[in-house]
Amino acid sequence: MLFLNLFLMNLVFFNSIQAQQFYDKSDCSETTKNPGSRYTCNISYSTCSTFLVYRSNSNFNTISNISRLFRKDTEELLRVNDLPSPSESLKPGTEILIPVICSCKNNFFQVNNFTYMVYERTTLSEIACSVFEGLVKSNTLFESNPSQENYINVGSELVVPLKCACPDSNSKIMYFITYPLIEGDSPSVITKKFGIFSVDLWLANNLEPNLPTIYPNTTILIPLKKFPVINFNNSNYYSPPPAPDFLPTITVKNRINNPKLINLYISVSVVGFFLISTTIIACGWYAKKVLFKRKIENLQSFNTRSSATPVLSPDLLVGVKYYLKSYCLDDLKIATRDFDEENKIGNRVYKGLIDDNIEIMIKQMRFEETRRVIDVHSRINHINIVSLIGVCNGDEDDSYLVFDLPSNGSLRDCLSNKLSSSPRWHRRVQIAFDIATALHYLHNCIFPSYAHMCVNTRNIYLTQNWRAKLTNITINSGAEPTNNEGWVAPEHILYGAVSDKVDIFAFGVVLLEIISGKEDFDGALFKDCIRFLGGGSGSELGGCFEQLKRFIDPNLKDDYRLAEALCLSVLAKACVEDEPLHRPSMDDILKVLVRLV
């Protein structure tokens, strides 16, 4: 009776506000048009502020990326979702509240003036169901962009009428939250997650009471009377496992009736407790003595240096899972001759000699970035990636990270003949393989995976025996296009896309530099030189092989295999395709290079 009364009260309440919408049970990708495919409205409805729910995924796994997708202020998303950092990787499936302005247009609610720029060739169904996770249906997207064909080209700007709804101004409902459903969502799960009554959910979506059926890849409206909070910690969120009532229960009787035996147990327990306590106290005293001795030794070692030298804050190394040497600023000034311009090898990057003439690379950065860079390097252990060996707390807000420095300098300097000799052909092939191996490791062998976003010949250094090491492993939040010298993937320049496909494009440019010895900042020279690989009129200028010979670095003279050079050129051309989906993966690249080394 109580439930019936509650149901009737809510029914009267919702009918009075005339804010019900229909639930569309058809899949996001279906082209059928049903009640609920879009939420209806009329002129009596005013514009409202509301929210959508979006789940983090492999392409949009940080607040920075998600805010760029929905064109929202990053700080606003952090505040609404109570998250600390825009660049922190979110667990797949993390639900994020997206604040939006919803208004009535042509009798349907939609998010105001929202568009999406396509950065890779795709379909309307992929955009609706994968990129926007069903917050818009495929048929709605097609109706809003009638001039578009099924396959959408890169650079196209689409009108995206994201689904939203506003409650009647006279109702007590503040928000209708658009919630995309996935496997495992049920009315009971949703009501507990948002702290609402089941009957409210049924009535808001015109669902059948008692046993409503909802499906993945659809959306549902969540009626809320206050600011939304997603409750993941509700004790009833997961049903407890069933009790094993089929197991027989056996009453256990107390068999200790002898008072002497009880006294013996008590005596043994007291003695045992005393012995254990004595052992713990002795161990603690010994540990304290050892730590005190080490502290004295550390103080003595620091006293040998300048007393004015700032000492690295111990807070910086909290959570570091491997050993880093702590340098003082005077050490680095001596190593670089007070950061002399002659020792500068990049933007805020210097080379130097330290600890018995060991060559090092010193990178200056903001103090708050240092911990994050250390965290990235703590997950990396690869022979073709430079190692982080030390850290120094500098002046004011600056810190310094110390890396090992391969002795033969950067690949760019070697190819430009700034050093004693240019690498021979077999060494160049090995260098290409080494860098491909390092990128494959970053893309596939660490968690979370890492896109370098700054691969170029100036960030590749060569050891004494001409093995390549990748440098400049820093933090890429994806908020802005990375400052990458040279010819860069078009989707990164246009949309700030951060992905392994950007690294593969950059690797293709590195291959072209390895083959030709040239450096091309806008790609015009390389595009013109490798045009013959596509066939056509290039054969009139002396044939494919003759043009390839003219493209190869003249410093090699005849020290190369023409078939290998052609293979690398074709591979490079595939890597620098404008369409990201047309580029090979690092797996494909390694399968080619492993046959050449």
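The structure displayed is predicted, hence computed values, not measured ones. (Residues numbered from 1 in each chain as written. Predicted model: local features only at pLDDT ≥ 70, side-chain atom pairs only at ≥ 80, totals over all residues. Heavy atoms only, no water.)

(A) Broad picture of the overall build of the protein chain. When its secondary structure is counted, the protein chain shows 18 helices and 17 strands. For the protein chain, the exposed surface amounts to about 32,400 Å²; the carbon and sulfur share of it is 55%. (Helix = DSSP H or I, 4+ residues; strand = E, 2+ residues; numbered from the N terminus. Areas by Shrake-Rupley, 256 points an atom, 1.4 Å probe, with all protein chains shown as cover.)

(B) Representation of the packing of aromatic side chains. One pass over the full model with this rule turns up 14 aromatic pairs. Aromatic pair Y116 and F132: ring centres 5.4 Å apart, planes at 85 degrees, arrangement edge-to-face. Pair noted here: Y116 is in strand 4 (residues 115-117) and F132 is in the loop between helix 4 (124-131) and helix 5 (138-144), with a separation of 16 residues, a long-range link. Grouping residues by exposure puts Y116 and F132 together as buried. Between the aromatic rings of W487 and F505, the centroid separation amounts to 5.3 Å while the plane-to-plane angle is 80 degrees, which identifies the pairing as edge-to-face. Residue W487 is located in the loop between strand 17 (468-470) and helix 13 (490-495), and its partner F505 is located in helix 14 (residues 500-516); the two are separated by 18 residues in the primary sequence. On the basis of relative accessibility, which here comes to 11%, the residue W487 falls in the buried class. Note on F505: relative accessible area 0%, which makes it buried. Put simply, the rings of Y54, F70, F114, Y116 and F132 pair up and form one aromatic cluster. Over the ring of Y179 we find R55, and its NZ or CZ is 5.0 Å from the ring centre. (Phe/Tyr/Trp six-rings, centres within 6.5 Å; stacked < 30°, edge-to-face > 60°. Buried < 20%, exposed > 50% of the residue type's maximum accessible area, 1.4 Å probe, protein only. Lys NZ or Arg CZ within 6 Å of the ring centre and 35° of its normal.)

(C) Examining the environment of N357 more closely. Relative to the helices and strands, N357 resides in the loop between strand 12 (349-354) and strand 13 (358-366). Residue classification places N357 among the exposed residues on the basis of a relative accessible area of 61%.

(D) Region of the structure containing the pairing of strand 1 (residues 48-55). Across the 8 residues that make up strand 1, a large majority, 7, are buried. With 8 bridges joining them, strand 1 and strand 2 (residues 95-105) adopt antiparallel strand pairing. Each residue of the ladder has a partner; that of F51, found in strand 2, is P99. (Pairing = 2+ DSSP bridges.)

(E) Here's a closer look at the confidence of the model for the protein chain. Across the protein chain, pLDDT averages 79, with 78% of residues at or above 70. Averaged pLDDT values for the elements of the protein chain fall to 41 in helix 1 (residues 2-17) and rise to 96 in strand 17. Contacts for the low-pLDDT stretch residues 477-481, under 50 throughout, to residues beyond four places or in other chains number 14 contacts. Confidence drops under pLDDT 50 across residues 536-541; counting only partners more than four residues distant or on other chains, this segment forms 5 contacts. (pLDDT = per-residue confidence, 0-100. Contact = heavy atoms within 4.5 Å.)

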